[in-house]
Amino acid sequence: SGQTALEMLRRQHYDVALVDLQMPMMNGQEFIAQALALPERLRPRVVVISGQNPVDLTEQEKVAAILFKPFRLAEIAQVISDAVFKPAGKAP
């Protein structure tokens, strides 16, 4: 659940959080807003995974990337690599 993931993020740093916009109990937008509000030392780069166009993603300029389903393993590997190793900036 999103709440469990946030609890994990509060305890230790993770480089990347893969976030689906459709989650039970807490939607992806709520999770993203809370994850990005964490102290910088705990804040992960956020990669959004969606089966739809996330035009209503209010934090879109703050996410590392948006990956649309379906995707290939090579695509997600590249997106994660870019999120970890490239400077923060706007999502493509």
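Each remark here, short or long, concerns the structure printed above.
Residues numbered from 1 in each chain as written. Predicted model: local features only at pLDDT ≥ 70, side-chain atom pairs only at ≥ 80, totals over all residues. Heavy atoms only, no water.

Enquirer: Got a sec to walk through helix 1 (residues 2-11)? Specific residues and values, please.
Expert: What helix 1 keeps buried is the set Gly-2, Leu-6 and Leu-9. Along the axis of helix 1, the buried positions cluster into a sector of 60 degrees, meaning they face one direction only. Taken together, the buried residues of helix 1 touch helix 2 (28-36). (Buried < 20%, exposed > 50% of the residue type's maximum accessible area, 1.4 Å probe, protein only. Helix = DSSP H or I, 4+ residues; strand = E, 2+ residues; numbered from the N terminus. Arc of directions from axis to C-beta. Contact = heavy atoms within 4.5 Å.)

Enquirer: So what's going on with the nonpolar core? Residues and values would help.
Expert: Within the largest apolar cluster, 16 residues are counted, with the highest numbers of intra-cluster contacts made by Phe-31, Ile-32, Val-46 and Val-48. Within the residue set of this core, elements represented by two or more residues are helix 1, strand 1 (16-20), helix 2 and strand 2 (45-50). Counting residues per element, this core draws most heavily on helix 2, which supplies 4 residues. Val-47, Ile-49, Leu-67 and Ile-76 belong to the second-largest nonpolar core, a separate cluster that totals 8 residues. (Core = buried A, V, L, I, M, F, W, Y, C linked by side-chain atoms within 4.5 Å.)

Enquirer: Explain the side chain of Ser-50 residue by residue, including any values.
Expert: Tracing the backbone shows Ser-50 in strand 2. Those residues in contact with Ser-50 that lie beyond four places of it in its chain are Leu-21, Leu-67, Phe-68 and Lys-69.

Enquirer: Describe unusual backbone geometry, naming the residues involved and giving the relevant values.
Expert: A cis amide bond links Lys-69 with the next residue in sequence, Pro-70, at an omega value of -10 degrees. Its location among the elements puts Pro-70 in the loop between strand 3 (65-68) and helix 3 (73-85). The residue Met-25 is not glycine, and still its phi comes out positive at about 70 degrees.

Enquirer: Account for the pattern of salt bridges, naming residues and giving values.
Expert: Inspection of every chain in the model, using the stated rule, returns 1 salt bridge. Its salt-bridge partner being Lys-69, residue Asp-20 comes within 2.5 Å of it at the nearest N-O pair. In this pair, Asp-20 is assigned in strand 1 and Lys-69 in the loop between strand 3 and helix 3, connecting sequence segments 49 residues apart. (Salt bridge = Lys/Arg side-chain N within 4 Å of Asp/Glu carboxyl O.)

Enquirer: Could you give me a rundown of helix 2, with the residues and numbers involved?
Expert: Those residues of helix 2 lying buried are Gly-28, Phe-31, Ile-32, Ala-35 and Leu-36. Buried residues of helix 2, seen end-on, are gathered within an arc of 120 degrees and therefore sit on one face of the element. Structurally, helix 2 contributes buried residues whose contacts are with helix 1, strand 1 and strand 2. Between a side-chain oxygen at the N-terminus of helix 2 and the backbone nitrogen of Gln-29 the separation is 2.9 Å; the capping residue is Asn-27. (Polar contact = N/O pair within 3.5 Å; in protein donor to acceptor, adjacent residues only side chain to side chain.)

These figures capture arrangement, not role.
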